[in-house]
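Understanding the architecture of this molecule
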Amino acid sequence: MRLLKILYFYYYQFYTRVIPDVHPHATVIFALSFTESLWVNGFVEMITLNTLCYKIDKWLMLGVLLLIIILNYIYYNKMHSAEDIINKRPKIGNSNLLSVLVVAVFTIVGVSWLFWGSFYSRSVLENCY
C-alpha cells in the first residue's frame, strides 16, 4: 500500500506542476488506474499465454481497467485518502530522487507492455502449436 501512496503523490505532483489540470485528483486516479491495469493485464496475459496458450480478450482487459478505476476512486476519494497522502508527502526513505526513480520505472515498464506485449504474445503463441 505504501507504494500506491507514493505513486499517487508523485502522479499528483506531475498533474499539478508539470501538466496543470483543473481536476488533478480525477486525472491522477485515471492515470494511476491505467498504469496499474497495464501491470495486472500484463501479468495475467503472461500467465495465460505460458500455461494455457491463450491470449486474453480485450474486453476482459477493459473490465480490469474499469474495476481498478472504481476501486481507486473508492479508496482515494470516498475514504478521503487523497488529501492525507498529499499532506504526508510519502517517499521511499528520505530520498525524493529514489521515489521519483521508482515511480518512473513503474510507469515506463507498465506502459511499455503496450508495445512489447504483442510481440511477446505472438512469439509465445507461435511456439504453442
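Nothing here was measured: the structure is a model prediction, and the numbers come from that model.

Conventions adopted
Residues numbered from 1 in each chain as written. Predicted model: local features only at pLDDT ≥ 70, side-chain atom pairs only at ≥ 80, totals over all residues. Heavy atoms only, no water. Helix = DSSP H or I, 4+ residues; strand = E, 2+ residues; numbered from the N terminus. Buried < 20%, exposed > 50% of the residue type's maximum accessible area, 1.4 Å probe, protein only. Contact = heavy atoms within 4.5 Å. Areas by Shrake-Rupley, 256 points an atom, 1.4 Å probe, with all protein chains shown as cover. Lys, Arg positive; Asp, Glu negative; His and termini not counted. Charge placed at Lys NZ, Arg CZ, Asp CG, Glu CD. Salt bridge = Lys/Arg side-chain N within 4 Å of Asp/Glu carboxyl O. Core = buried A, V, L, I, M, F, W, Y, C linked by side-chain atoms within 4.5 Å.

1. What about the overall build of the protein chain?
Secondary structure assignment for the protein chain yields 5 helices and 0 strands. Reading the protein chain from its N terminus to its C terminus gives the helix and strand order α-α-α-α-α. Seen through its principal axes, the protein chain has C-alpha atoms that stretch 55 × 30 × 25 Å. Residues classed as buried in the protein chain amount to 34% of the 129 residues present. Across the protein chain, contacts joining residues at least 24 apart in sequence account for 73% of those joining residues at least 6 apart. Accessible surface, the protein chain as shown: approximately 8,200 Å² in total, 70% of it carbon and sulfur. Distance between charge centres in the protein chain, computed from 10 positive and 7 negative side chains, equals 9 Å.

2. Concerning the side chain of Glu36
Counting through the fold element by element, Glu36 comes out in helix α2 (residues 24–52). Lacking a salt bridge, the buried Glu36 has Lys5 as its closest oppositely charged neighbour, with an N-O distance of 13 Å. Excluding residues within four positions of it along the chain, Glu36 makes contact with Leu4, Ile68, Asn72 and Phe106.

3. Examining the pattern of salt bridges
Enumeration according to the criterion identifies 1 salt bridge in this entry. A salt bridge links Glu45 to Lys55; its shortest N-O distance comes to 2.5 Å. Of this pair, Glu45 sits in helix α2 while Lys55 is found in the loop between α2 and α3 (58–78), placing the two residues 10 residues apart along the sequence. Look at Lys55 and you get partly exposed, because its relative accessible area is 37%.

4. Overview of the environment of Phe34
Secondary-structure assignment places Phe34 in helix α2. Residue Phe34 is classed as partly exposed on the basis of its relative accessible area, which comes to 31%. Taking C-alpha positions, Phe34 is 16 Å from Ile74, a pair spaced 40 residues apart along the chain.

5. Regarding the nonpolar core
Ranked by internal contacts, the top residues of the largest apolar core, which has 19 residues, are Leu7, Tyr8, Tyr11, Val28, Leu32, Tyr76 and Val103. Listed by contribution, the elements that provide at least two residues to this core are α1 (2–18), α2, α3, α4 (81–88) and α5 (96–128). Broken down by element, the residue count for this core peaks at 8 residues, all from α1. Setting aside residues up to four positions removed in sequence, Val28 forms contacts with Tyr8, Tyr11, Tyr12, Tyr15 and Ser33.

6. Examining the environment of Ser81
Examined against the element boundaries, Ser81 turns out to sit in helix α4. By relative accessible area, Ser81 is classed as buried at 12%. Each C-alpha atom, one on Ser81 and one on Pro24, is 14 Å from the other, the two residues being 57 residues apart in sequence.

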